[in-house]
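Spelled out, the chains give:
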Amino acid sequence: MRQAGVVQVEVVVDETGKVISARALSGPSTLRQVAVDAAYRARFSPTKLSGQPVKVTGQVNYNFTLP
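Here is a short report on the structure shown in this document. (Residues numbered from 1 in each chain as written. Predicted model: local features only at pLDDT ≥ 70, side-chain atom pairs only at ≥ 80, totals over all residues. Heavy atoms only, no water.)

### Some points on the nonpolar core
Alright, step 1. In this structure, V9, V11, A22, A39 and Y62 are the most contacted members of the largest nonpolar core, which totals 14 residues.
Alright, step 2. Elements supplying a minimum of two residues to this core: β1 (5-13), β2 (19-26), α1 (29-41) and β5 (56-64).
Alright, step 3. Looking at this core element by element, the count peaks at five residues for α1.
Alright, step 4. If we ignore the near neighbours within four places in the chain, the residues touching Y62 are G5, V6, V7, V9, A35, A38, A39 and A42. (Core = buried A, V, L, I, M, F, W, Y, C linked by side-chain atoms within 4.5 Å. Buried < 20%, exposed > 50% of the residue type's maximum accessible area, 1.4 Å probe, protein only. Helix = DSSP H or I, 4+ residues; strand = E, 2+ residues; numbered from the N terminus. Contact = heavy atoms within 4.5 Å.)

If you want it as structure tokens, here you go:
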């Protein structure tokens, strides 16, 4: 199946930069699970507040294109 589109994924990133929660907010239904799986594999730099690492919530867009 050849599908293209953008999937918006909400992620929660812990104090070490690891994604601990991910859920697709929008995008083609056939691509949502693939985007969530990719989000769980992503790693981020820890976010710091007053010098201390904190848990954060954000959104990541995964753009799927056809070659």
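### Re the sheet that holds β1
Alright, step 1. Taken in spatial order, the three strands line up as β2-β1-β5 in an open sheet, and their pairing is antiparallel. Because the sheet does not close on itself, it has two edges, and the strands there are β2 and β5. If you compare each strand with its neighbour and ignore which way they point, the axes differ by 30° on average.
Alright, step 2. Along the sheet, α1 contacts β1, β2 and β5; its crossing angle with β2, the most-contacted strand, is approximately 155°. (Pairing = 2+ DSSP bridges. Axes fitted to C-alpha atoms, helices over the stretch in contact; angles between N-to-C directions.)

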